[in-house]
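Observations on the three-dimensional arrangement
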Amino acid sequence: LIDYGATKRLTENERITSCVLYVALHRKDKDKLWQMAKMGGYKSKYMNPDVYYKLVQFGYDTWGREVTGGLNVQQFMDDLKAKDPYTETPDNFVLASFMSFRLRALVL
């Protein structure tokens, strides 16, 4: 079920950062997530923390109505991109969010 071409070995620091990210998501700690984003190299046109929070929720936690506002995946992503298009994001965490999304889709 796993495409081994889509795997990546995370460094110890990246694994610790991932753990902190999941704890912050669980606690709904938007400030900690935003701080991590800026430290990790995330950049967007307007640097809107609310858009980033929705991206992180969607990528690592849930794609329920509370996050997407009832939009389908494409509409949701287009809406966020229109509000604040991102220009840089850590590559390893993009891959991790894709894998999270795929694994969550398996259980639907």
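In this text, all values refer to a predicted model and were calculated from it rather than measured experimentally.

Conventions and cut-offs
Residues numbered from 1 in each chain as written. Predicted model: local features only at pLDDT ≥ 70, side-chain atom pairs only at ≥ 80, totals over all residues. Heavy atoms only, no water. Helix = DSSP H or I, 4+ residues; strand = E, 2+ residues; numbered from the N terminus. Expected span 1.5 Å × (residues − 1). Buried < 20%, exposed > 50% of the residue type's maximum accessible area, 1.4 Å probe, protein only. Arc of directions from axis to C-beta. Contact = heavy atoms within 4.5 Å. 1 Å grid on protein atoms, 1.4 Å probe; cavity = no way out; pocket = protein on both sides within 12 Å on 5 of 7 lines; lining within 4 Å. Points joined across faces, edges and corners; volume = space filled by probe spheres on them. Nonpolar A, V, L, I, M, F, W, Y, C, P; charged D, E, K, R; others polar. Phe/Tyr/Trp six-rings, centres within 6.5 Å; stacked < 30°, edge-to-face > 60°.

On to helix H1 (residues 12-27). Given a rise of 1.5 Å per residue, 16 residues ought to cover 22 Å, and the 23 Å separating the end C-alpha atoms of H1 matches this to within 8%. When H1 is considered as a whole, its buried residues turn out to be Glu14, Ser18, Leu21, Ala24 and Leu25. On an axial view of H1, the arc spanned by its buried residues comes to 125°, and they lie on one face. Seen from the open side of H1, the exposed residues pointing more than 90 degrees away from its buried face are Glu12, Cys19, His26 and Arg27. Packing partners of the buried residues in H1 comprise helix H2 (30-40), helix H3 (49-60) and helix H6 (91-106). A positive backbone phi angle near 55° is found at Lys28, which sits one or two residues after H1.

Let us now look at the layout of surface pockets. When its volume is computed, the largest pocket comes out at roughly 770 Å³. Along its surface, the largest pocket is lined by 29 residues, and Tyr52, Tyr60, Thr89, Phe93 and Val94 are the ones closest to its centre. Looking at the lining of the largest pocket, the elements that each hand over two or more residues are H1, H2, H3 and H6. Counted by class, the lining of the largest pocket contains 19 nonpolar, seven polar and three charged residues.

Here Leu10 is to be found in the segment before H1. For Leu10, a relative accessible area of 22% gives the class partly exposed. Taking the C-alpha atoms as reference points, Leu10 and Ala37, 27 residues apart in sequence, are found 17 Å from one another. In contact with Leu10, not counting residues within four places along its chain, are Arg15, Ser18 and Asn92.

Now for the side chain of Ser18. Mapped onto the elements of the fold, Ser18 is located in helix H1. Excluding anything up to four places from it in sequence, Ser18 contacts Leu10 and Phe93.

The next thing to look at is the packing of aromatic side chains. Counted according to the given criterion, the structure contains five aromatic pairs. Seen in terms of ring centroids, Tyr42 and Tyr52 are 4.6 Å apart; in terms of plane orientation they differ by 55°. Their pairing is tilted. Taken together, the residues span a long stretch of sequence, with Tyr42 in the loop between H2 and strand E1 (43-44) and Tyr52 in helix H3 at a distance of ten residues. For Tyr42, a relative accessible area of 4% gives the class buried. The class for Tyr52 is buried, based on a relative accessible area of 12%. A network of ring pairs unites the aromatic residues Trp34, Tyr42 and Tyr52 as a single cluster.

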